[in-house]
Amino acid sequence: MTTRDYPDYVSFTDAAALIVQRGLVGSMTPRGLRYMAGARLSKEIPPEQRWPFGDEAGQEPYLRGGRTRMMRTDRLLEYLEKYPPTGRGPARKARAAGAES
């Protein structure tokens with residue numbers, strides 16, 4: 001039997017840290033992971049590449065712990081290994097307080 005180095009279920013916060021730890025991305029925040037999840041729900045994305053968690057057909061329901069949504073870790077890692085996160089990455093420099101984009 002193999003021992004896993006992660007729990008059965010993770011929150012977005014723990015998942016962001018886990019995918020960085022496992023080397024799937026160089027950096028990821030919980031907010032960035034939530035953004036990616038929402039963006040990958042688009043009907044323009046092929047069904048097999050859509051975010052695997054939610055309430056729609058073909059999605060695995062989130063496990064709720066109070067207000068926290070938990071995802072089955074094995075399924076999350078399998079999905080992200082097959083369809084790795086892409087994006088601009090972290091900001092190159094800190095933004096000034098009150099600065100407009």
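In what follows, the structure referred to is the one given above.
All values reported here derive from a predicted model rather than from experimental measurement.

What counts and what doesn't
- Residues numbered from 1 in each chain as written.
- Predicted model: local features only at pLDDT ≥ 70, side-chain atom pairs only at ≥ 80, totals over all residues.
- Heavy atoms only, no water.
- Helix = DSSP H or I, 4+ residues; strand = E, 2+ residues; numbered from the N terminus.
- Contact = heavy atoms within 4.5 Å.
- Pairing = 2+ DSSP bridges.
- Axes fitted to C-alpha atoms, helices over the stretch in contact; angles between N-to-C directions.
- Parallel < 35°, antiparallel > 145°, perpendicular 65-115°, else oblique.
- Left-handed = near helix turned anticlockwise from the far one by under 90°.

### Quick look at the environment of Glu-81
As for its placement among the helices and strands, Glu-81 is situated in helix α3 (residues 73-82). On a C-alpha basis, the gap between Glu-81 and Leu-24 in space is 7.0 Å, while along the polypeptide they are 57 residues apart. Once residues lying within four places of it in the same chain are set aside, the contact partners of Glu-81 are Arg-22 and Leu-24.

### Examining the sheet that holds strand β1 (residues 9-11)
Read from one edge to the other, the open sheet built from three strands follows the order β1-β3-β2, with strand pairing classed as antiparallel. The open sheet has two free edges, formed respectively by β1 and β2 (63-65), since each of these has just one partner strand. Across the sheet, the mean angle from the axis of one strand to that of its neighbour is 40 degrees, orientation sign disregarded. Note that β2 and strand β3 (residues 68-72) share three bridges and pair antiparallel. For Arg-64, the partnering residue across the bridge sits in β3 and is Arg-69. Against the sheet, helix α1 (residues 12-21) contacts β1 and β3, and its axis sits at roughly 100 degrees relative to β1. Sheet contacts for α3: β1 and β3; angle to β3, the most-contacted strand, approximately 70 degrees.

### Digging into the environment of Tyr-9
For Tyr-9, the position within the fold is in strand β1. The spatial distance from the C-alpha of Tyr-9 to the C-alpha of Leu-76 is 9.3 Å, given a sequence separation of 67 residues. With residues near it in sequence (within four places) discarded, Tyr-9 still touches Leu-63, Met-70, Met-71, Arg-72 and Thr-73.

### As for the packing of α1 against α3
In a packed pair of helices, the relevant descriptors are the angle between the two axes and the axis-to-axis distance. At a closest axis distance of 12 Å, the pairing of α1 and α3 adopts a crossing angle of 50 degrees. Viewed along their axes, α1 and α3 adopt a mutual orientation that is oblique. The two elements α1 and α3 cross, and the hand of that crossing is right-handed. On α3, the residues touching Ala-15, Leu-18 and Ile-19 of α1 are Thr-73, Leu-76, Leu-77 and Leu-80.

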